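Chain residues, written in single-letter form:
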Amino acid sequence: MLRLILLGPPGAGKGTQATRIVEKYSIPHISTGDIFRKNIKEGTELGRRAQEYMNKGELVPDDLVIEIAEARLLEEDCKNGYLLDGFPRTVYQAEKFDEFLQEKAAKIDKVIDIEVAAEELKKRIIGRRVCRSCGASYHVDNMPPKKEGVCDVCGGELYQRHDDTAETVDNRISVYNEQTKPLTDYYEKTGRLARVDGAGDTDAVFAAIVSIIGE
Ligand code: AMP
């Protein structure tokens, strides 16, 4: 049983590290952002409601996020644990999520906070490209795919997320600082927080994460 939360500002490398963590520990990767993007692609009512916030770099309202996250965590594949990426994102979400865990006599094993300096985040986000099929993440300069526009993992098409633009990025970083950063205190107080320096290359960051979780 392994329940993990990955915290960190947009562009810290959560998605990249999440892919490696779930492979090593055989747990599902639960990304609320991915759930919203899938719903937008499929044209659902949930997607329509989430999109108006996402396009502006704002957070989707707490109650809506909590409902979809909890529903996802009740699915069969989550019974032996999971990695949460992008949830919780506000102290209110974290409190509600703790209530949800308590009702099930469950607990979070570790909250891993990936830290990266603000000026680096912007460069990373604007150069990010993501696979439409499998969600693998690349960077035009730092981590280019072998063939431009094509995913190394599955051959899918790479695209730039609508919210990965210069216009939206400043807002996403300030939303993070105001609403999500306080979560590090919340988890630190209860002894669940571990900080990782996200400035190094992806292998070094992954090694630091594995040393926190344990082999
Ligand atoms: P992400 O893929 O995690 O960067 O999320 C993309 C966008 O989805 C965010 O900028 C928010 O608009 C929305 N979103 C994802 N997760 C949450 C959450 N836990 N709370 C509120 N909004 C979220």
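Here the structure is a predicted model, which is why all the values come from computation and not from measurement.

In terms of helices and strands, the protein carries nine helices and eight strands. Taking 2.2 N^0.38 as the reference for a compact globule, 215 residues should give roughly 17 Å; the C-alpha atoms of the protein span a radius of gyration of 16 Å, in line with that estimate. Dimensions of the protein, computed from C-alpha atoms along their principal axes, come out at roughly 45 × 40 × 35 Å. Buried residues in the protein amount to 48% of all 215 residues.

In the vicinity of the ligand there are 16 residues, among which Thr32, Arg37, Glu58, Gly86 and Gln93 approach most closely. Here a nitrogen atom of the ligand and a side-chain polar atom of threonine 32 are 2.8 Å apart. Residue arginine 37 places a side-chain N or O atom 2.8 Å away from an oxygen atom belonging to the ligand. Protein contact buries 95% of the 480 Å² of open area that the ligand shows by itself. With four residues, helix H2 (residues 32–42) is the single largest residue contributor to the shell around the ligand. Of the residues that constitute the shell around the ligand, the class distribution is six nonpolar, four polar and six charged.

Right, let's talk about the packing of aromatic side chains for a bit. Evaluated as defined, the whole model comprises three aromatic pairs. Ring centres 5.5 Å apart and planes at 70° place the aromatic pair phenylalanine 87 and phenylalanine 97 in the edge-to-face group. In this pair, phenylalanine 87 is assigned in the loop between strand E3 (81–85) and helix H5 (91–103) and phenylalanine 97 in helix H5, connecting sequence segments 10 residues apart. Take phenylalanine 87 and phenylalanine 97: they sit in the same class, and that class is buried. Ring geometry for phenylalanine 97 against phenylalanine 100: centres 6.0 Å apart, planes inclined by 25°, an arrangement best described as stacked. You can see phenylalanine 97 and its partner phenylalanine 100 sitting in helix H5, three residues apart, about one turn around the helix. The pair phenylalanine 97 / phenylalanine 100 is uniform in exposure class, with both members buried. Every member of this aromatic cluster is reached through a ring pair, and the members are Phe87, Phe97 and Phe100. We note lysine 24 situated over the ring of tyrosine 25; from NZ or CZ to the ring centre the distance is 5.7 Å.

This next bit is on the sheet that holds strand E7 (residues 158–159). Spatially, E6-E5-E7 is the arrangement adopted by the three strands of the open sheet, whose pairing is antiparallel. Strand pairing shows two members of the sheet lacking a second neighbour, strand E6 (137–139) and E7, which therefore form its edges.

So, about the packing of H2 against helix H4 (residues 62–73). Put simply, H2 and H4 touch, their axes get as near as 10 Å, and they point 100° apart. The orientation of H2 with respect to H4, classified from their angle, is roughly perpendicular. Facing H2, whose interface residues are Thr32, Ile35 and Phe36, H4 presents Val65, Ile68, Ala69 and Arg72. Split by residue class, the contact of H2 with H4 holds five nonpolar, one polar and one charged.

Right, let's talk about unusual backbone geometry for a bit. Following phenylalanine 87, the chain continues to proline 88 via a peptide bond in cis, the omega torsion being -10°. Along the polypeptide, proline 88 turns up in the loop between E3 and H5. At serine 26, a position not held by glycine, the phi torsion is positive, near 50°. Within the chain, alanine 105 stands out as a residue other than glycine whose phi angle is a positive 50°.

The strand order across the open sheet formed by five strands is E2-E3-E1-E4-E8, and the pairing between neighbours is parallel. Two strands in the sheet have a free side with no partner beyond their single neighbour: strand E2 (29–31) and strand E8 (193–197). The mean inter-strand angle of the sheet, taken between neighbouring strand axes irrespective of direction, is 25°.

Within the element layout of this structure, leucine 73 appears in helix H4. Here the alpha-carbon distance between leucine 73 and arginine 132, two residues 59 residues apart in the chain, equals 23 Å. Once residues within four sequence positions are removed from consideration, leucine 73 is found in contact with Ile30, Cys78, Tyr82, Leu84, Phe97 and Phe100.

What counts and how
- Residues numbered from 1 in each chain as written.
- Predicted model: local features only at pLDDT ≥ 70, side-chain atom pairs only at ≥ 80, totals over all residues.
- Heavy atoms only, no water.
- Helix = DSSP H or I, 4+ residues; strand = E, 2+ residues; numbered from the N terminus.
- Rg over C-alpha atoms; globule rule 2.2 N^0.38 Å.
- Buried < 20%, exposed > 50% of the residue type's maximum accessible area, 1.4 Å probe, protein only.
- Near = heavy atom within 4 Å.
- Polar contact = N/O pair within 3.5 Å; in protein donor to acceptor, adjacent residues only side chain to side chain.
- Areas by Shrake-Rupley, 256 points an atom, 1.4 Å probe, with all protein chains shown as cover.
- Nonpolar A, V, L, I, M, F, W, Y, C, P; charged D, E, K, R; others polar.
- Phe/Tyr/Trp six-rings, centres within 6.5 Å; stacked < 30°, edge-to-face > 60°.
- Lys NZ or Arg CZ within 6 Å of the ring centre and 35° of its normal.
- Pairing = 2+ DSSP bridges.
- Axes fitted to C-alpha atoms, helices over the stretch in contact; angles between N-to-C directions.
- Parallel < 35°, antiparallel > 145°, perpendicular 65-115°, else oblique.
- Contact = heavy atoms within 4.5 Å.

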